[in-house]
Amino acid sequence: GQQLNQSPQSMFIQEGEDVSMNCTSSSIFNTWLWYKQDPGEGPVLLIALYKAGELTSNGRLTAQFGITRKDSFLNISASIPSDVGIYFCAGPNTGGFKTIFGAGTRLFVKA
Amino acid sequence: DAGVIQSPRHEVTEMGQEVTLRCKPISGHDYLFWYRQTMMRGLELLIYFNNNVPIDDSGMPEDRFSAKMPNASFSTLKIQPSEPRDSAVYFCASSLRQGGATGYTFGSGTRLTVV
């Protein structure tokens, strides 16, 4: 079945650094979603991408929908301690009936 | 809107006991999803409903798991009997659209520990 592969699995960075993570698949996705899960909470939608090549920002976050439609990237600029959490990429499966989630990238920020 | 509300937040039970998790979706959302999250398997979709009707329960691990949605504002996930390997965080989510192209709204989850 369709899978989303996220990398890296975890990141340990210093406050103020920029962060980049990605999500790839062997299948084409028509929508890419990025969620963040704070410790002890459910995932929250950060950014939604609907068109190949699209670049969308939400504050310090920027995400891109890959041209091949098989990948997406999330960048966080000038990280702060509250950026700590798990970042998931996700997308509707081929039939559009289910949302597939990647395994997540765990971000740790040292003040 | 208060968002998706789940209860309880934490549940500790003994193996063999029945466990019931509860969820109130966002008013007006037609789709409700139950997910399970573990370190080993990540987020797994267990079952989803559309207009209170179960559409796909292929993710339900065993017959010990059952879910109901008696009305648009309430759903339950029941495990009977519970086993230690059921320990996980269970999330309920709701959305306006099936495939989640506009995203899901998740609850805060129920952390289940079966001892």
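Preceding this section is the structure that the text describes.
Residues numbered from 1 in each chain as written. Chains lettered and ligands numbered in written order. Predicted model: local features only at pLDDT ≥ 70, side-chain atom pairs only at ≥ 80, totals over all residues. Heavy atoms only, no water.

(A) Spotlight on unusual backbone geometry. That bond from A:S7 to A:P8 is cis: its omega, -5°, falls within 30 degrees of zero. Relative to the elements of secondary structure, A:P8 occurs in the loop between β1 (5-7) and β2 (10-14). Note that the residue after B:S7, namely B:P8, is joined by a cis bond; omega there is -10°. Notably, B:N51 is not glycine yet its phi reads approximately 50°, a positive angle. One can find B:N51 in the loop between β5 (42-50) and β6 (53-56). With a phi angle near 75°, B:N52 is a residue other than glycine that sits in the positive phi range. (Helix = DSSP H or I, 4+ residues; strand = E, 2+ residues; numbered from the N terminus.)

(B) Examining the state of the cysteines more closely. Residues and elements named next belong to chain A. Inspection of the entire model under this criterion finds 2 disulfides over all chains. Across the disulfide from C23 sits C89; the S-S distance is 1.9 Å. Between C23 and C89, the S-S torsion sits near 55°, and that sign places the bridge as right-handed. Of the two residues, C23 is situated in strand β3 (residues 19-24) and C89 in strand β9 (residues 85-92); the sequence distance between them amounts to 66 residues. (Disulfide = S-S within 2.5 Å.)

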